[in-house]
Amino acid sequence: MLPELTSQRLRLAPFRRDDLDSLHKLWTAAPLREHLWDGEKVTRVQAEAVVREAVADAARTRIGMWTLHLPDDPGLAGFCGFRWMGIPPQVELLYGIRPDLWGLGLAGEAARTCLAWLFDTHPVTHVLAGTSASNERSLRLLQRLGFQPMPERPAGPPTIDYYRLTRERFVR
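Summarised in this report is the structure supplied together with it. (Residues numbered from 1 in each chain as written. Predicted model: local features only at pLDDT ≥ 70, side-chain atom pairs only at ≥ 80, totals over all residues. Heavy atoms only, no water.)

Of the pairings in the sheet, the one linking strand β1 (residues 5-6) to strand β2 (residues 11-14) comprises 2 bridges and is antiparallel in character. Across the sheet, residue T6 finds its bridge partner in β2, namely R11. Where β1 folds back onto β2 in an antiparallel hairpin, the turn is made up of 4 residues. Judged from the 4 bridges that link them, β2 and strand β3 (residues 65-69) form a sheet pairing that is antiparallel. Looking at the pairing, P14 lines up with W66 of β3. (Pairing = 2+ DSSP bridges. Helix = DSSP H or I, 4+ residues; strand = E, 2+ residues; numbered from the N terminus.)

Counted under the stated rule, the structure contains 5 aromatic pairs. Geometrically, the ring pair formed by F119 and F170 is tilted, given 5.6 Å between the ring centres and 50° between the ring planes. One end of the pair, F119, is in helix α4 (residues 106-121); the other, F170, is in the segment after β8 (161-166), and 51 residues separate them in sequence. The burial state of F119 is the same as that of F170; both residues are buried. Three or more aromatic residues joined by ring pairs make a cluster, and in this case those are F15, W27 and F79. (Phe/Tyr/Trp six-rings, centres within 6.5 Å; stacked < 30°, edge-to-face > 60°. Buried < 20%, exposed > 50% of the residue type's maximum accessible area, 1.4 Å probe, protein only.)

Among the 6 residues of strand β6 (residues 126-131), 5 are classified as buried, and the element is accordingly described as predominantly covered. In terms of strand pairing, β6 meets β8 through 6 bridges, oriented antiparallel. Across the sheet, the residue bridging to A129 is Y163, located in β8.

Now for helix α5 (residues 136-145). Within α5 the residues assigned to the buried category are S138, L139, L141, L142 and L145. All buried residues of α5 project into a common sector of 160° when viewed along the axis, lining one side. In this structure, the buried side of α5 is in contact with β5 (90-97), α4, β6 and β8. Two residues or fewer past α5, G146 is found with a positive phi of approximately 105°. (Arc of directions from axis to C-beta. Contact = heavy atoms within 4.5 Å.)

Let us now look at the packing of helix α1 (residues 20-27) against helix α3 (residues 44-61). Packing of α1 against α3 brings their axes to within 10 Å, and their N-to-C directions diverge by 120°. Taken together, the axes of α1 and α3 lie oblique to each other. Viewed along their axes, α1 and α3 form a crossing whose handedness is right-handed. Each of L20, D21, L23, H24 and W27 in α1 lies in contact with α3, whose residues at this interface are R44, A47, E48, V50 and V51. (Axes fitted to C-alpha atoms, helices over the stretch in contact; angles between N-to-C directions. Parallel < 35°, antiparallel > 145°, perpendicular 65-115°, else oblique. Left-handed = near helix turned anticlockwise from the far one by under 90°.)

The next thing to look at is the packing of α4 against α5. As a packed pair, α4 and α5 sit with axes 11 Å apart at the nearest point and diverge in direction by 40°. One finds that α4 runs oblique with respect to α5. The element α4 and its partner α5 pack so that their crossing is right-handed. Contacts from A107, G108, A111, R112 and L115 of α4 reach α5 at L141, R144 and L145. Looking at the contact of α4 with α5 residue by residue, the classes come out as 5 nonpolar, 1 polar and 2 charged. (Nonpolar A, V, L, I, M, F, W, Y, C, P; charged D, E, K, R; others polar.)

Here is the structure:
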(Lines give C-alpha, C1' and ligand atoms only; values in the text may rest on other atoms or scores of the structure.)
Protein backbone atom coordinates (compact mmCIF):
# COMPACT_ATOMS: atom_id res chain seq x y z
CA MET A 1 0.00 0.00 0.00
CA LEU A 2 1.17 3.51 -0.74
CA PRO A 3 1.41 6.15 1.97
CA GLU A 4 -0.40 9.45 1.86
CA LEU A 5 2.09 12.19 0.93
CA THR A 6 2.04 15.95 1.41
CA SER A 7 3.80 18.84 -0.26
CA GLN A 8 3.69 22.57 0.37
CA ARG A 9 0.20 22.93 -1.16
CA LEU A 10 -1.01 19.41 -1.95
CA ARG A 11 -2.25 16.31 -0.21
CA LEU A 12 -1.48 13.20 -2.28
CA ALA A 13 -3.79 10.25 -1.54
CA PRO A 14 -3.19 6.79 -3.02
CA PHE A 15 -5.63 5.82 -5.79
CA ARG A 16 -8.68 3.97 -4.49
CA ARG A 17 -11.34 2.26 -6.56
CA ASP A 18 -13.90 4.85 -5.45
CA ASP A 19 -11.79 7.59 -7.12
CA LEU A 20 -12.99 6.29 -10.50
CA ASP A 21 -15.70 8.89 -11.16
CA SER A 22 -13.47 11.84 -10.25
CA LEU A 23 -10.55 10.51 -12.30
CA HIS A 24 -12.76 9.72 -15.30
CA LYS A 25 -14.11 13.28 -15.20
CA LEU A 26 -10.56 14.66 -15.06
CA TRP A 27 -9.30 12.40 -17.85
CA THR A 28 -12.19 13.37 -20.16
CA ALA A 29 -11.58 17.13 -19.81
CA ALA A 30 -10.69 18.17 -23.37
CA PRO A 31 -7.40 20.02 -22.73
CA LEU A 32 -6.02 17.26 -20.49
CA ARG A 33 -7.33 14.48 -22.73
CA GLU A 34 -5.34 15.93 -25.66
CA HIS A 35 -2.07 15.28 -23.82
CA LEU A 36 -2.85 12.11 -21.87
CA TRP A 37 -5.01 10.14 -24.26
CA ASP A 38 -4.00 11.62 -27.65
CA GLY A 39 -7.40 13.33 -27.83
CA GLU A 40 -9.33 10.07 -27.62
CA LYS A 41 -12.48 10.01 -25.51
CA VAL A 42 -11.71 7.85 -22.47
CA THR A 43 -14.50 5.46 -21.62
CA ARG A 44 -15.43 4.66 -18.05
CA VAL A 45 -14.34 1.07 -18.71
CA GLN A 46 -10.86 2.26 -19.78
CA ALA A 47 -10.60 4.54 -16.76
CA GLU A 48 -11.69 1.71 -14.47
CA ALA A 49 -8.98 -0.55 -15.89
CA VAL A 50 -6.30 2.10 -15.25
CA VAL A 51 -7.47 2.66 -11.67
CA ARG A 52 -7.75 -1.08 -11.00
CA GLU A 53 -4.22 -1.68 -12.34
CA ALA A 54 -2.76 1.20 -10.29
CA VAL A 55 -4.39 -0.04 -7.09
CA ALA A 56 -3.19 -3.62 -7.75
CA ASP A 57 0.37 -2.48 -8.58
CA ALA A 58 0.49 -0.40 -5.40
CA ALA A 59 -0.58 -3.39 -3.31
CA ARG A 60 1.84 -5.76 -5.04
CA THR A 61 4.94 -3.61 -5.66
CA ARG A 62 4.42 -0.27 -3.87
CA ILE A 63 4.57 1.48 -7.26
CA GLY A 64 1.36 3.36 -7.96
CA MET A 65 -0.59 6.59 -8.35
CA TRP A 66 -1.92 9.35 -6.13
CA THR A 67 -4.86 11.73 -6.45
CA LEU A 68 -3.99 15.38 -5.77
CA HIS A 69 -6.02 17.56 -3.42
CA LEU A 70 -5.81 21.25 -2.50
CA PRO A 71 -7.08 22.53 0.85
CA ASP A 72 -10.44 24.30 0.58
CA ASP A 73 -11.07 22.81 -2.90
CA PRO A 74 -13.50 19.87 -2.86
CA GLY A 75 -12.64 18.83 -6.41
CA LEU A 76 -9.83 16.61 -7.57
CA ALA A 77 -6.83 18.82 -8.47
CA GLY A 78 -5.10 16.11 -10.50
CA PHE A 79 -3.09 12.92 -10.24
CA CYS A 80 0.55 11.90 -10.19
CA GLY A 81 2.54 8.74 -9.72
CA PHE A 82 4.05 5.77 -11.43
CA ARG A 83 3.24 2.71 -13.48
CA TRP A 84 5.25 -0.16 -14.88
CA MET A 85 6.14 0.09 -18.56
CA GLY A 86 7.89 -2.09 -21.13
CA ILE A 87 9.99 -5.23 -21.02
CA PRO A 88 11.98 -5.39 -18.91
CA PRO A 89 9.61 -3.39 -16.70
CA GLN A 90 10.68 0.16 -15.94
CA VAL A 91 8.99 2.81 -13.83
CA GLU A 92 7.20 5.58 -15.72
CA LEU A 93 6.15 8.92 -14.19
CA LEU A 94 2.66 10.16 -15.11
CA TYR A 95 0.85 13.33 -14.03
CA GLY A 96 -2.08 15.51 -14.94
CA ILE A 97 -3.60 18.64 -13.44
CA ARG A 98 -7.15 19.94 -13.75
CA PRO A 99 -7.02 22.50 -16.61
CA ASP A 100 -8.24 25.46 -14.52
CA LEU A 101 -5.19 24.92 -12.27
CA TRP A 102 -2.58 24.88 -15.06
CA GLY A 103 0.32 27.30 -14.71
CA LEU A 104 0.39 27.25 -10.89
CA GLY A 105 3.31 24.84 -10.56
CA LEU A 106 1.21 22.02 -9.12
CA ALA A 107 2.44 19.40 -11.60
CA GLY A 108 6.04 20.14 -10.65
CA GLU A 109 5.24 20.11 -6.95
CA ALA A 110 3.42 16.77 -7.23
CA ALA A 111 6.11 15.21 -9.46
CA ARG A 112 8.93 16.27 -7.12
CA THR A 113 7.05 14.88 -4.13
CA CYS A 114 6.41 11.54 -5.85
CA LEU A 115 9.95 11.26 -7.24
CA ALA A 116 11.54 12.09 -3.87
CA TRP A 117 9.39 9.40 -2.23
CA LEU A 118 10.29 6.86 -4.94
CA PHE A 119 14.04 7.48 -4.81
CA ASP A 120 14.00 7.53 -0.97
CA THR A 121 12.07 4.26 -0.62
CA HIS A 122 12.87 2.12 -3.68
CA PRO A 123 16.14 0.88 -5.18
CA VAL A 124 15.23 2.09 -8.70
CA THR A 125 18.10 3.68 -10.61
CA HIS A 126 15.99 5.68 -13.05
CA VAL A 127 12.48 6.73 -14.06
CA LEU A 128 11.02 7.27 -17.53
CA ALA A 129 8.50 9.89 -18.63
CA GLY A 130 6.89 10.52 -21.99
CA THR A 131 5.37 13.59 -23.57
CA SER A 132 4.48 14.75 -27.03
CA ALA A 133 6.64 17.44 -28.59
CA SER A 134 3.58 19.72 -28.70
CA ASN A 135 3.20 19.61 -24.90
CA GLU A 136 5.72 22.36 -24.17
CA ARG A 137 4.71 22.78 -20.50
CA SER A 138 5.29 19.11 -19.76
CA LEU A 139 8.59 19.11 -21.62
CA ARG A 140 9.83 22.14 -19.63
CA LEU A 141 8.80 20.45 -16.38
CA LEU A 142 10.66 17.26 -17.26
CA GLN A 143 13.77 19.29 -18.05
CA ARG A 144 13.52 21.19 -14.73
CA LEU A 145 13.30 17.87 -12.89
CA GLY A 146 16.49 16.66 -14.61
CA PHE A 147 15.03 14.32 -17.25
CA GLN A 148 17.09 13.88 -20.42
CA PRO A 149 16.03 12.57 -23.86
CA MET A 150 16.44 8.83 -24.25
CA PRO A 151 18.79 7.75 -27.05
CA GLU A 152 16.88 4.48 -27.47
CA ARG A 153 13.12 4.54 -27.80
CA PRO A 154 11.09 2.30 -25.46
CA ALA A 155 7.92 0.66 -26.71
CA GLY A 156 5.16 3.23 -26.61
CA PRO A 157 2.96 5.39 -28.80
CA PRO A 158 4.87 6.79 -31.80
CA THR A 159 3.68 10.34 -30.99
CA ILE A 160 5.43 10.31 -27.61
CA ASP A 161 9.06 11.22 -26.94
CA TYR A 162 10.58 9.53 -23.89
CA TYR A 163 12.91 10.99 -21.30
CA ARG A 164 14.95 9.40 -18.51
CA LEU A 165 15.80 10.65 -15.03
CA THR A 166 18.50 8.99 -12.96
CA ARG A 167 18.59 9.12 -9.21
CA GLU A 168 21.74 11.27 -9.43
CA ARG A 169 20.23 13.83 -11.80
CA PHE A 170 16.97 14.31 -9.89
CA VAL A 171 16.55 17.98 -8.98
CA ARG A 172 14.67 18.19 -5.70
